[in-house]
Number of protein chains: 4
Amino acid sequence: MLCFESDYMLGAHPAVLEALIRTNMEPATGYGADPFCASAAEKIRAACACPEADVRFLVGGTQTNAVVIDAMLAPWQGVIAAETGHVAVHEAGAIEATGHKVLALPGHAGKLDPAELRAWLARFFADANREHMVAPGLVYLSHPTEYGTLYTRAELTAVAAACREYGLVLFLDGARLGYGLMSPASDMTLPDVAALCDVFTIGGTKVGALCGEAVVFPRGNTPPHFLTQMKRHGALLAKGRLLGVQFDALFTDGLYFRIAKNAADTAEQLHSLLKEKGYEFYIDSPTNQQFVILDNDKLPTIEEHVAFSRFEPYGETRTVVRFATSWATRPEDVEALAAIL
Amino acid sequence: MLCFESDYMLGAHPAVLEALIRTNMEPATGYGADPFCASAAEKIRAACACPEADVRFLVGGTQTNAVVIDAMLAPWQGVIAAETGHVAVHEAGAIEATGHKVLALPGHAGKLDPAELRAWLARFFADANREHMVAPGLVYLSHPTEYGTLYTRAELTAVAAACREYGLVLFLDGARLGYGLMSPASDMTLPDVAALCDVFTIGGTKVGALCGEAVVFPRGNTPPHFLTQMKRHGALLAKGRLLGVQFDALFTDGLYFRIAKNAADTAEQLHSLLKEKGYEFYIDSPTNQQFVILDNDKLPTIEEHVAFSRFEPYGETRTVVRFATSWATRPEDVEALAAIL
Amino acid sequence: MLCFESDYMLGAHPAVLEALIRTNMEPATGYGADPFCASAAEKIRAACACPEADVRFLVGGTQTNAVVIDAMLAPWQGVIAAETGHVAVHEAGAIEATGHKVLALPGHAGKLDPAELRAWLARFFADANREHMVAPGLVYLSHPTEYGTLYTRAELTAVAAACREYGLVLFLDGARLGYGLMSPASDMTLPDVAALCDVFTIGGTKVGALCGEAVVFPRGNTPPHFLTQMKRHGALLAKGRLLGVQFDALFTDGLYFRIAKNAADTAEQLHSLLKEKGYEFYIDSPTNQQFVILDNDKLPTIEEHVAFSRFEPYGETRTVVRFATSWATRPEDVEALAAIL
Amino acid sequence: MLCFESDYMLGAHPAVLEALIRTNMEPATGYGADPFCASAAEKIRAACACPEADVRFLVGGTQTNAVVIDAMLAPWQGVIAAETGHVAVHEAGAIEATGHKVLALPGHAGKLDPAELRAWLARFFADANREHMVAPGLVYLSHPTEYGTLYTRAELTAVAAACREYGLVLFLDGARLGYGLMSPASDMTLPDVAALCDVFTIGGTKVGALCGEAVVFPRGNTPPHFLTQMKRHGALLAKGRLLGVQFDALFTDGLYFRIAKNAADTAEQLHSLLKEKGYEFYIDSPTNQQFVILDNDKLPTIEEHVAFSRFEPYGETRTVVRFATSWATRPEDVEALAAIL
């Protein structure tokens, strides 16, 4: 069975696992105060070219989004997101569970449009009734988006400028950040992201770790008592080392980027092969998630040989399906997939 | 440096790590729907002698307490706990963050007194103003408690009877459950716990896993849409396999109990050795946490050789310190500790 | 100065005030257990033709929406509303503050479209990822809507049928219910509303009272411990009599409906006069709120003589303004307004 | 039937009602931006000798406590209160519903002990685990307390000093403030309260109004966007005039203090008469609530003629009952009560 269902179907990248094995019997203090977390943070600071950055490690994506957003908003503020954004749709109301509204704006292949954002903000802050409404306090972007698309550097710069003008925090959810940065379509580096955002995450779960998201506050702008706020949301691991060891491995010798590059390369290979064969793409994704439109009557046969995910119906007789590559996808897997299709 | 600081200072028990290595490249569905979680749940059902039990896997202790308590209480209800209970003191308000009050009752070496509990409930339900008050909906016990003490089977039976009489849920926090069950002082088995409680946890983090708490609903009495409720609290892992693989290993060939037995044995050894030497114990704990009163002026010297935790001041010149044993503690470590003291 | 700013610009209808004066020195138990609340509830039951209805009295509209919605949803559920609905836009996140998401659907002149609603529900309950999403638990309608428009009986019946099919609660926010029922365009009676909805409110604040909203659970389907839930949200008045006395007066001799009829009649008069004069209406409202498009340069002059509210910009040079009639509007006021315009 | 059940059994003081009648037909803007609120605020500033004070008007006591406490705490902070404090016991978890813990300290006849408070704070801020705990952010006092007792000026000064030293907000719940200030036992004035507290309330509901609590931020230290925060908690009245008119009347010509003085005088009269007759007092209250211990077998007879409230059982055969005086209590009512007892 070929595995293209998602990028979190396997365990950890072997080098990450190896690091867990190697450090297993070294005693370390709990709750993130261990040397592994310190070392990982140092390496991430270097990779971000942000010597003042504060780096914290949480367990999962929804948890991280909820903790960060709640910690950076005032009680009367909400978070702006594309209507297809993860926090708006697929987190079971985790943001609302912290008392904050998600202010959904139109999504364009998963992305916010900077001009629409700016116009929305201008309208809000000119509204005579705004004190009866939830004030925007933070802009949430996923990069890559849930549709595999990417912001250009110019777009992210425009979003950041709008945020600064109106006093909003810019938060980039990088659950799949590596896959975005290593895409041939990307014109941004990790230091670019760090320079433009007020807070962002570097996803581990989907990029070779067993679990874990690194949260970066690039200018040391961590909300007060963030450890307590993590604990209050059940997001503080006793064995914080589990996260530190993994991120330390991921940011040693560029492993994180090599993992991502493999996924980008095999995704591109998949894209080319399917295009050649005349397949129609639902969206033009330059990252590790490829969205293809298939005939419903062919799905069962394909599913005998390939694990993939059914994304959404496309008319009466077709379905958008997603193939995801990862650190573990080999060129021969892609060829085998293409052969089956 | 001798390591007695806590039971979560190392990585995982080697057999747990081995299971992670062995299964690493087997693809598996996310969010707990993988075969490892299914297998672990089956083994836990067997160990609990509860064929109808539903078993779910969460990441950490505070998270688990908050998710379970919130899911089992109605909005107007609160949770009864000993004033020293983890949910009452050391979870940074995680329960209140879900909107529920912790109703603190006196603690007796960490334990609720069944008679006091019953009297409190009788008083509450006879109070003419009770509709203006938070109604008790669940009793939270930690077993072993935060002071290492244990409920007897008779005590737990009395608490359970009070809960049933007044319609409350009985929840046992077993973050260190193994250490309690394998204590020579225990008169309870895991099936006893399952028979008496409405929901309980089997802690992994402190008993040999990298992370993870198993939640057992012994009679299949899982709250509705519990997966969604987990997600809403950021407690649903994409790679749920990480938890399933570990608990599957812990409940294979009785590993969980062997781990706990080692901690119990070495704790008893420590207790005897220190008693012989005339040390005063703050509390008479029969489990893996030993609380000893030391002179403040001796602490720095000891800390050069031993990692332990300062628990609380004891008058002006002495301090209660905690030594914790674990699956990794060897008899020679205990002897070395005794020699230093 | 002519007063068309809103329907809450004056104190109470004289008959309501008279009732407060008359009962002022009669001692009565607190928290809604007084004879005035009992009498008002009885009269409302009769007006609704719902002998089994339970009627509760809260203070304001946002408060009532938040308390009712929170009490009728499970924690993992959200409330469906038109994107222009009061709970979606103008309650400062009061619903989210209780942990629930507002699921916004397109609004059509303020109304949900029953077919769109049904299609949305069908799609949601067929979505393979729905356990990762906020489940709809309640449909919120305002009637009249924020744009003064009305659901027909057929539309409300269709919405109710969709709710029943999918197990959702139907909640009608009747902050201005009287103005809707007495509109010449209405084909519904209060008993119709009671028969079709699971819970609805009868607004007092905007229909002649100083404050107060009556919540009707038509089939005695009050959520458990609703008094405690009111208290928990700060919505339980010590002097509940203040609400009971007012609603008792409003539902004596049809006062509530006479008040509403006056507003409907004067709104119709206003509509005719302005139409004659060639004014353009932003929306065709059959109730006491009339939305007219005026040239920006004429606004300051009009504002010297008339209090009204600027609703929203209409292009660069014009503005949508709202004129609201009420129990206190006299035909000569409308004529004076028309003369000024 | 004599009315001593509570101080909220009647409608409004006649002068308050008269003000509502007089202003009824004057149009006024909503949401607290009316001239009545402005005038009331000005008079309260004068009475407090606080020209910079910001004064806001909310509806009820529990609501006000929840809104103020939530607005003045950071998310990770909790509120310190006596274990018998209203927010700790009788508000149905309204504080926890906003996500904050009530940190209960021992109550001494309803009061916090300043020295115990200071010691508790010292211990908390020295605790190595404090980042895992809810940090105290605000001290809540009720004055008079739920037992009718009063803080002395020296005690309140000591509490304020502890708050300042540790960076906490001092909040005084004055639901019955007038009855405290006019007690012969009081050594504090309203300006004293304003000088010592960071925020306090002046209760209207129990001191002659139909409803309403004035919140005073003595140094203009209102939390940001407080109107939005009120709205978010359902605490913003459309007809804010209802509150403004009443408080304007209460603070015209010292009415608030005259009302309170009548209650204090009649309470003192009651105290003397019952003491003469040999009745035992549960607590020595110098304010309008008097707590007397009565034999259970005499209660039914007394209840035929007098409305009072049963407070709590006192052993097997006796009960603590409360008699409350108010603005409406006449000396002859007290004599009649004494005659019956």
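Structural data are supplied above this passage.
Enquirer: How do you make sense of the overall build of chain A when you look at a structure like this?
Expert: Scanning chain A from N- to C-terminus turns up 13 helices and 13 strands. Rg of the C-alpha trace for chain A: 20 Å, near the compact-globule value of 20 Å for 341 residues, within the 12% margin. By principal-axis analysis of the C-alpha atoms, chain A measures approximately 60 × 55 × 35 Å. Looking at chain A residue by residue over its 341 residues, the buried ones come to 64%.

Enquirer: Explanation requested: the relation of the copies chain B and chain A in the structure shown.
Expert: Applying a rotation about an axis and a shift along it to one chain copy brings it onto the other copy. In the superposition of chain B on chain A (RMSD 0.0 Å, axial shift 0.0 Å), the rotation amounts to 180°. Considering both components of the superposition, the chain copies are consistent with a two-fold axis. Closest approach to the rotation axis within chain B is made by the C-alpha atom of B:H233, at a distance of 3.8 Å. A high fraction, 100%, of the interface residues of chain B reappear at the interface in chain A, so the copies pair face to face through one surface.

Enquirer: Looking at this structure, I do not really get the relation of the copies chain D and chain C. What am I missing?
Expert: Placing chain D over chain C gives an RMSD of 0.0 Å and needs a rotation angle of 180°, together with 0.0 Å of translation along the axis. Most of the interface of chain D is mirrored in chain C, where 100% of its interface residues are also at the interface.

Enquirer: How should I be thinking about the packing of helix α1 (residues 14-23) of chain D against helix α10 (residues 241-250) of chain D in this particular structure?
Expert: A pair of packed helices can be characterised by two numbers: the angle between their axes and the separation between those axes. Residue and element names in this part refer to chain D. Close contact between α1 and α10 brings their axes to 9 Å; oriented N to C, the two are set at 130°. In terms of their interaxial angle, α1 and α10 are classed as oblique. Pair α1 / α10 crosses with right-handed handedness. Between α1, through A15, V16, A19, L20 and T23, and α10, the contact on the second element is made entirely by R241, L242, V245, Q246, A249 and L250. By residue class, the composition of the contact of α1 with α10 is eight nonpolar, two polar and one charged.

Enquirer: Even after reading the chapter, I still don't get the sheet that holds strand β12 (residues 309-314) of chain D, so can you show me in this structure?
Expert: In any sheet, the strands associate via hydrogen bonds between backbone groups, in a parallel or an antiparallel arrangement. Residue and element names in this part refer to chain D. Sheet architecture is open: four strands sit in the order β9-β10-β13-β12, paired in antiparallel fashion. Only two strands of the sheet have a single partner each, and these edge strands are β9 (280-281) and β12. In this sheet, strand β10 (residues 289-295) lies alongside β9 in antiparallel orientation, the contact comprising two bridges. Considered in β10, the bridge of F281 is made with V292. Sitting on the sheet, helix α11 (residues 255-276) touches β9, β10 and β13 (318-324), and the angle it makes with β10 is about 25°.

Enquirer: How should the interface of chain D and chain C be read in this particular structure?
Expert: As a measure of interface size, the accessible area lost when the parts come together is often cited. Contacts between the two partners involve 43 residues from chain D, matched on the other side by 43 residues from chain C. Taken together, both faces of the contact between chain D and chain C bury some 3,700 Å²; the carbon and sulfur share is 64%. The largest share of the area that chain D buries against chain C comes from D:Y8, D:N24 and D:K239, three residues that together contribute 18% of it. Summed over the shared surface of chain D and chain C, the number is zero salt bridges. At the junction of chain D and chain C, the tally comes to 19 residue pairs in polar contact (both at pLDDT 80 or more). Grouping the amino acids of the side of chain D that touches chain C by side-chain chemistry returns 23 nonpolar, 13 polar and seven charged.

Enquirer: Just checking my understanding: could you explain the packing of aromatic side chains for this structure?
Expert: Here a ring pair, both rings aromatic, is described through the centre-centre distance and the interplanar angle of the planes. Residue and element names in this part refer to chain A. All chains considered together, the criterion is met by 68 aromatic pairs over all chains. Ring geometry for Y147 versus F291: centroids 6.0 Å apart, planes at 45°, classification tilted. You can see Y147 sitting in the loop between β5 (135-142) and α6 (153-166) and its partner F291 sitting in strand β10 (residues 289-295), a full 144 residues away along the chain. There is no split in this pair, since Y147 and F291 are both buried.

Enquirer: I would appreciate a short explanation of the pattern of salt bridges in the present structure.
Expert: Summed over all chains, the structure comprises 68 salt bridges over all chains. Across the salt bridge formed by A:D248 and A:K43, the nearest N and O atoms sit 2.9 Å from each other. Placement of the pair is A:D248 in helix α10 (residues 241-250) and A:K43 in helix α2 (residues 35-48), with a sequence separation of 205 residues. With its nearest N and O atoms 3.9 Å apart, the salt bridge here joins D:R232 to D:D70. Linking D:R232 in helix α9 (residues 226-232) with D:D70 in helix α3 (residues 61-72), this pair joins segments that are 162 residues apart in sequence. A relative accessible area of 6% means that D:D70 is categorised as buried.

Enquirer: Got a minute to help me understand the sheet that holds strand β8 (residues 213-217) of chain B in this structure?
Expert: All names here are of chain B. In space, the seven strands of this open sheet follow the order β2-β8-β7-β6-β5-β3-β4, with mixed pairing throughout. Across the chains shown, the open sheet's two edge strands, defined by having one partner strand only, are β2 (54-58) and β4 (102-105). Between one strand axis and the next, the sheet turns through 25° on average, direction left out of account. Strand direction decides the pairing type here: strand β5 (residues 135-142) and strand β6 (residues 169-173), joined by five bridges, are parallel. If you follow L141 over to β6, its bridge partner there is L172.

Conventions used here
- Residues numbered from 1 in each chain as written.
- Chains lettered and ligands numbered in written order.
- Predicted model: local features only at pLDDT ≥ 70, side-chain atom pairs only at ≥ 80, totals over all residues.
- Heavy atoms only, no water.
- Helix = DSSP H or I, 4+ residues; strand = E, 2+ residues; numbered from the N terminus.
- Rg over C-alpha atoms; globule rule 2.2 N^0.38 Å.
- Buried < 20%, exposed > 50% of the residue type's maximum accessible area, 1.4 Å probe, protein only.
- Least-squares fit on C-alpha atoms with pLDDT ≥ 70 in both.
- Contact = heavy atoms within 4.5 Å.
- Axes fitted to C-alpha atoms, helices over the stretch in contact; angles between N-to-C directions.
- Parallel < 35°, antiparallel > 145°, perpendicular 65-115°, else oblique.
- Left-handed = near helix turned anticlockwise from the far one by under 90°.
- Nonpolar A, V, L, I, M, F, W, Y, C, P; charged D, E, K, R; others polar.
- Pairing = 2+ DSSP bridges.
- Buried area = accessible area lost by both parts, 1.4 Å probe.
- Salt bridge = Lys/Arg side-chain N within 4 Å of Asp/Glu carboxyl O.
- Polar contact = N/O pair within 3.5 Å; in protein donor to acceptor, adjacent residues only side chain to side chain.
- Phe/Tyr/Trp six-rings, centres within 6.5 Å; stacked < 30°, edge-to-face > 60°.

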